Amino acid sequence: YEDACMAAVVKPQELPMHGRPHEPSLLSGLPYVLLPVNAAGALPLPQHVHRLDLPTGGVVLVAKTHPTQVALGALFSNR
């Protein structure tokens, strides 16, 4: 799923959320697969709202704007 403010992306098992320079990671690949944002409050790069451990695969929510990052982050912290 993807809209102007967020995306839900599938993280395969053994893919790190963030990695070392020049190594594959979920965050390093996002700018290549998500649509660019021209909305107010757009983040320079998409940011994950939560994380999954290296051996875990599943859906990761990604914020594309600062207001969405704050709102989704609050939902996770208040669960």
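Preceding this section is the structure that the text describes.
These lines cover the structure that appears in this document, whether it is placed above or below.

Here the focus is the overall build of the protein. Helices and strands together make up the secondary structure of the protein, namely 2 helices and 3 strands. Each helix (α) and strand (β) of the protein, taken in turn from the N terminus, gives the series β-α-β-β-α. For the protein, the C-alpha radius of gyration of 12 Å lies close to 12 Å, the compact-globule estimate for 79 residues. Every one of the 79 residues in the protein was classed for burial, and the buried ones make up 29%. In the protein, the share of contacts with a sequence separation of at least 24, taken over all contacts with a separation of at least 6, comes to 57%. Only carbon and sulfur atoms are counted for the fraction: they give 61% of the accessible area of the protein, which is about 5200 Å².

Positioned with a positive phi, Glu14 is a non-glycine residue whose angle comes to about 70°. Not every positive phi belongs to a glycine, and His22 is a case in point at roughly 70°.

Criteria and thresholds
- Residues numbered from 1 in each chain as written.
- Predicted model: local features only at pLDDT ≥ 70, side-chain atom pairs only at ≥ 80, totals over all residues.
- Heavy atoms only, no water.
- Helix = DSSP H or I, 4+ residues; strand = E, 2+ residues; numbered from the N terminus.
- Rg over C-alpha atoms; globule rule 2.2 N^0.38 Å.
- Buried < 20%, exposed > 50% of the residue type's maximum accessible area, 1.4 Å probe, protein only.
- Contact = heavy atoms within 4.5 Å.
- Areas by Shrake-Rupley, 256 points an atom, 1.4 Å probe, with all protein chains shown as cover.

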